[in-house]
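Listed below are the residues making up each chain.
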Amino acid sequence: MHEGILATAEVDAIAEGECGRCLIDIALPVEVEFQELFAYHSGEAFEYEVQDDHVDLESLIRDAVVLALPFQPVCRPDCPGLDPETGLRLADHPELVTPEHVDPRWSALAGFPASRDNGSDDASDTDQQREER
């Protein structure tokens, strides 16, 4: 290009880390694409410039791969994680899985009955009463 060098790339890599729930080692495939213009030296400020007829793609690749990584990687979507008392992986010890953990800070709300949704008819009646006023 007249303004500089247009770099287009597709990067396939394997990201290695650990599961955010059960802490086992995992490897996730990462695929990114980017396109960036490296400008020739001019009086204007550009984020990327051609230096000695070469372009440095390292920072572009690193930034693209980091942005493609999951915020909290998991070994599988339904990973149960670790037992809070023993630290054992719940996937390996299903007998430790409790059906529901109740936070003691919410125990005061346990005595209140749940409200029932009677459908959209009640909502339309309420709206109609408001309009009449």
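Remember, it's a predicted structure, so these values are computed and weren't measured experimentally.

### Things to note about the pairing of strand β1 (residues 4–18)
Here comes step 1: As defined by bridge partners, β1 adjoins strand β2 (residues 25–39) across 15 bridges and the pair is classed as antiparallel. Counterpart to threonine 8 in the pairing with β2 is glutamine 35.
Here comes step 2: Turn length for the β1-β2 hairpin, with the two strands adjacent in sequence and antiparallel, is six residues, and the turn residue leucine 23 shows positive phi of about 65 degrees.

### Description of unusual backbone geometry
Here comes step 1: In the Ramachandran plot, leucine 23 falls in the positive-phi region, its phi being about 65 degrees despite a non-glycine side chain.
Here comes step 2: For leucine 23, the position within the fold is in the loop between β1 and β2.

### Brief notes about the environment of leucine 37
Here comes step 1: Topologically, leucine 37 is positioned in strand β2.
Here comes step 2: Using a relative accessible area of 28% as the deciding quantity, one classes leucine 37 as partly exposed.
Here comes step 3: Note: C-alpha distance between leucine 37 and threonine 8 (29 residues apart in sequence) is 8.8 Å.

### Points about helix α1 (residues 58–68)
Here comes step 1: Taken as a whole, α1 has its buried residues at Leu60, Ala64 and Val65. Looking down the long axis of α1, one finds its buried residues gathered within 120 degrees of arc, a one-sided arrangement. Opposite its buried face, α1 presents the exposed residues Glu58 and Val66, each directed more than 90 degrees away.
Here comes step 2: Contacts from the buried residues of α1 go to β1 and β2.

### What about a negative patch on the surface?
Here comes step 1: The grouping of Glu10, Asp12, Glu31 and Glu33 at the surface amounts to a negative patch.
Here comes step 2: Mapped by element, the contributors of at least two residues to the negative patch are β1 and β2.
Here comes step 3: Counting through the fold element by element, glutamate 31 comes out in strand β2.

### Topic: a nonpolar patch on the surface
Here comes step 1: Nonpolar side chains collect at one region of the surface, where Trp106, Leu109 and Phe112 lie side by side and expose about 400 Å² of accessible area between them.
Here comes step 2: Note that tryptophan 106 resides in the loop between α1 and α2 (120–132).
Here comes step 3: The class for tryptophan 106 is exposed, based on a relative accessible area of 55%.

### Some thoughts on the pattern of salt bridges
Here comes step 1: Summed over all chains, the structure comprises three salt bridges.
Here comes step 2: Here arginine 62 and glutamate 58 are joined by a salt bridge, their closest N and O atoms 4.0 Å apart. Here arginine 62 and its partner glutamate 58 are both found in helix α1, four residues apart, which amounts to about one turn of the helix.
Here comes step 3: Residue classification places glutamate 58 among the exposed residues on the basis of a relative accessible area of 54%.
Here comes step 4: With its nearest N and O atoms 2.8 Å apart, the salt bridge here joins arginine 76 to aspartate 78.
Here comes step 5: What makes arginine 76 partly exposed here is its relative accessible area of 35%.
Here comes step 6: The exposed category is assigned to aspartate 78, whose relative accessible area is 54%.

Thresholds applied
Residues numbered from 1 in each chain as written. Predicted model: local features only at pLDDT ≥ 70, side-chain atom pairs only at ≥ 80, totals over all residues. Heavy atoms only, no water. Pairing = 2+ DSSP bridges. Helix = DSSP H or I, 4+ residues; strand = E, 2+ residues; numbered from the N terminus. Buried < 20%, exposed > 50% of the residue type's maximum accessible area, 1.4 Å probe, protein only. Arc of directions from axis to C-beta. Contact = heavy atoms within 4.5 Å. Patch = residues over 30% accessible without salt bridge, like charges linked within 9 Å, V, L, I, M, F, W, Y side chains within 5 Å. Areas by Shrake-Rupley, 256 points an atom, 1.4 Å probe, with all protein chains shown as cover. Salt bridge = Lys/Arg side-chain N within 4 Å of Asp/Glu carboxyl O. Lys, Arg positive; Asp, Glu negative; His and termini not counted. Charge placed at Lys NZ, Arg CZ, Asp CG, Glu CD.

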